[in-house]
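# Fold and contact review
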Amino acid sequence: SQTIHQWPATLVQPVGSPLSLECTVEGTSNPNLYWYRQAAGRGLQLLFYSVGIGQISSEVPQNLSASRPQDRQFILSSKKLLLSDSGFYLCAWRTSGANVLTFGAGSRLTVL
Amino acid sequence: SQQGEEDPQALSIQEGENATMNCSYKTSINNLQWYRQNSGRGLVHLILIRSNEREKHSGRLRVTLDTSKKSSSLLITASRAADTASYFCATDLSGTYKYIFGTGTRLKVLA
């Protein structure tokens with residue numbers, strides 16, 4: 001069966017520290033992968049999406065970067081976190097030809 | 001911003017009543033989807049309506065789409081306390097792989 005794993009679930013980091021959030025998908029190949037951020041009580045902001053290994057499209061110029069080192073692995077990173085990076089980060093995937101996004105459980109980041 | 005708008009931002013109703021939430025978007029789309037999010041969780045897909053469809057039903061859900069007005073509505077009939085959640089519309093932009101979400105409606109169903 002197809003599943004998506006996202007970790008860590010919760011993270012508290014000081015300003016200026018690095019970040020790495022990881023997302024992996026099982027049970028499918030060549031998925032389209034997405035990173036969204038959700039501020040408290042707000043909608044979802046598309047950060048990055050990827051249609052293949054090493055192919056990353058950035059939607060919002062900011063302090064974050066994404067990488068896709070393997071077909072079913074999507075990583076969100078930062079070298080130096082800002083207070084404004086706090087939020088709920090959601091990874092999602094879809095198979096080519098399908099229209100539905102399947103989301104992970106999310107990673108809640110608090111930058112202090 | 002490409003983000004869609006939803007209204008109302010928040011809605012509180014009694015169990016058994018119907019809940020209607022609306023979504024407006026800005027660009028040409030292939031389809032429009034509705035998702036549900038329980039507090040602090042990931043989103044779950046509810047229903048998809050294609051750009052050439054005007055209405056679609058799934059259980060207690062009814063979705064309409066008006067591409068001339070770039071708007072959609074989600075109706076939940078006979079609401080239950082378990083329907084309490086945030087609801088988001090999402091559009092996939094024609095010619096892209098991007099999915100843009102609305103600002104969401106927070107629904108509270110009182111038992």
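Residues numbered from 1 in each chain as written. Chains lettered and ligands numbered in written order. Predicted model: local features only at pLDDT ≥ 70, side-chain atom pairs only at ≥ 80, totals over all residues. Heavy atoms only, no water.

### With respect to the state of the cysteines
All told, the structure shown has two disulfides over all chains when counted by the stated rule. In this model, Cys23(A) is linked to Cys91(A) through a disulfide, with the two sulfur atoms separated by 2.0 Å. Between Cys23(A) and Cys91(A), the S-S dihedral sits near -75 degrees, and the bridge is therefore left-handed. Of this pair, Cys23(A) sits in strand E3 (residues 19-26) while Cys91(A) sits in strand E9 (residues 87-94), and the two are 68 residues apart along the sequence. The buried category is assigned to Cys23(A), whose relative accessible area is 1%. The disulfide partner of Cys23(B) is Cys89(B), and the S-S distance across this bridge is 2.0 Å. (Disulfide = S-S within 2.5 Å. Helix = DSSP H or I, 4+ residues; strand = E, 2+ residues; numbered from the N terminus. Buried < 20%, exposed > 50% of the residue type's maximum accessible area, 1.4 Å probe, protein only.)

### Notes on the pattern of salt bridges
Between side chains of opposite charge, pairing is possible as soon as their charged atoms come close. Counting across every chain of the model gives five salt bridges over all chains. In this structure, Asp85(A) engages Arg37(A) in a salt bridge whose closest nitrogen and oxygen atoms are separated by 3.7 Å. Remark: Arg37(A) occurs in strand E4 (residues 32-38) and Asp85(A) occurs in the loop between strand E8 (73-78) and E9; sequence separation between them is 48 residues. You'll find Asp85(A) and Arg37(A) in the same group, each marked buried. Put simply, Lys98(B) and Glu59(A) hold a salt bridge, and the shortest N to O gap is 3.1 Å. On the criterion of chain membership, the pair formed by Lys98(B) in the loop between strand E9 (85-93) and strand E10 (99-101) and Glu59(A) in the loop between strand E6 (55-58) and strand E7 (65-70) is interchain, its members lying in two chains. The class of Glu59(A) is partly exposed, set by a relative accessible area of 27%. (Salt bridge = Lys/Arg side-chain N within 4 Å of Asp/Glu carboxyl O.)

### A short note on the confidence of the model for chain A
Note: predicted coordinates in regions of low pLDDT should not be interpreted at a detailed level. Of all residues in chain A, 99% have pLDDT values of 70 or greater, and the mean over the chain is 93. Averaged pLDDT values over the elements of chain A bottom out at 92 in E6(A) and peak at 97 in E8(A). (pLDDT = per-residue confidence, 0-100.)

### What about the environment of Glu17(B)?
Residues and elements named next belong to chain B. Of note, Glu17 is situated in the loop between strand E2 (10-14) and strand E3 (19-24). By relative accessible area, Glu17 is classed as partly exposed at 40%. Expressed as a C-alpha distance, the spacing of Glu17 and Ile76, which sit 59 residues apart in the sequence, is 8.7 Å. The contact partners of Glu17, leaving out residues within four places of it in the chain, are Ile76, Thr77, Ala78 and Ser79. A polar contact of 3.0 Å, which involves the side chain of Glu17, links it to the backbone nitrogen of Gln14. (Contact = heavy atoms within 4.5 Å. Polar contact = N/O pair within 3.5 Å; in protein donor to acceptor, adjacent residues only side chain to side chain.)

### Overview of the interface of chain B and chain A
The interface of chain B with chain A comprises 23 residues on the first partner and 23 residues on the second. In total, about 1600 Å² of surface goes out of reach between chain B and chain A, with carbon and sulfur atoms giving 56% of it. Taken together, the connections running from chain B to chain A amount to one salt bridge. Taken together, the links from chain B to chain A amount to eight residue pairs in polar contact (both at pLDDT 80 or more). Breaking the side of chain B that touches chain A down by element, the ones donating at least two residues are strand E4 (29-37), strand E5 (43-50), E9 and E10 of chain B. Within the side of chain B that touches chain A, the residues separate by chemical class into eight nonpolar, 10 polar and five charged. (Buried area = accessible area lost by both parts, 1.4 Å probe. Nonpolar A, V, L, I, M, F, W, Y, C, P; charged D, E, K, R; others polar.)

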